Amino acid sequence: MRKVILGAMVPAVAAALVLAGATPAAAQWRERYEVFGVEGDDMLKMREGPGTGYVVIVGLPNGTVVRVLDCQRTGATKWCEVGLDRAMGLRGYVSEAYLRKM
C-alpha cells in the first residue's frame, strides 16, 4: 500500500516543482536568446522533444526571449531545450535556426 501512495505522489511533487521553477537544471541555464526569422504571422513551435514528430506545446512569435539549457543534433537540425525567460518552468525544444543570441 505504501508503494502505491508514494508512487502516486512523485509525479505530483515533480509537477509542483516545475511549476514553481525549482528544477534541478535551473542553475544551468545559458544565455538569453531571441526568437527571430519566423515568417509572417507564423510562430516557432516549442515541442515536447527534439524533432517535428513531437507534440507542439506552444507557439513563440518573433521577439520571444528564451534561455537555452542544452542543444543536440537530430538529423540535419540542431534542437535546443529552452525555457521561457519569464516562465522558466515552461520548457520544450525549438530549432536552433530560429534563435539569435541577445
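A brief report on the enclosed structure follows. (Residues numbered from 1 in each chain as written. Predicted model: local features only at pLDDT ≥ 70, side-chain atom pairs only at ≥ 80, totals over all residues. Heavy atoms only, no water.)

1. Quick word on the state of the cysteines
- All told, the structure shown has one disulfide when counted by the stated rule.
- Residue pairing for C71: its cysteine sulfur links by disulfide to C80, the two sulfurs lying 2.0 Å apart. Torsion about the S-S bond of the C71 and C80 cystine: about 100°, corresponding to right-handed handedness.
- With a relative accessible area of 21%, C71 lands in the partly exposed category. (Disulfide = S-S within 2.5 Å. Buried < 20%, exposed > 50% of the residue type's maximum accessible area, 1.4 Å probe, protein only.)

2. So, the nonpolar core
- Grouped together as the largest cluster of nonpolar side chains are 13 residues, with contacts concentrated most on L60, V66, V82, V94 and L99.
- Elements with a minimum of two residues in this core: strand 1 (32–35), strand 2 (44–47), strand 4 (65–74) and strand 5 (77–84).
- Per-element tally for this core: the top contributor is strand 5, with three residues.
- Apart from residues lying up to four places away in sequence, L60 is in contact with V35, M43, L44, M46, V66, L84 and V94. (Core = buried A, V, L, I, M, F, W, Y, C linked by side-chain atoms within 4.5 Å. Helix = DSSP H or I, 4+ residues; strand = E, 2+ residues; numbered from the N terminus. Contact = heavy atoms within 4.5 Å.)

3. Quick look at the pattern of salt bridges
- Applying the stated criterion to the full structure yields six salt bridges.
- Between E81 and R91 there is a salt bridge; the shortest N-O distance is 2.6 Å. Linking E81 in strand 5 with R91 in strand 6 (residues 87–95), this pair joins segments that are 10 residues apart in sequence.
- E81 gets classed as buried once you look at its relative accessible area, which sits at 13%. (Salt bridge = Lys/Arg side-chain N within 4 Å of Asp/Glu carboxyl O.)

4. Overview of the environment of G92
- Mapped onto the elements, G92 comes out in strand 6.
- G92 sits 45 residues away from R47 along the chain, and the two C-alpha atoms are 5.3 Å apart.
- For G92, the residues in contact, after removing those within four places along its chain, are M46, R47, I57, C80, E81 and V82.

Read these as spatial facts, not as claims about activity.
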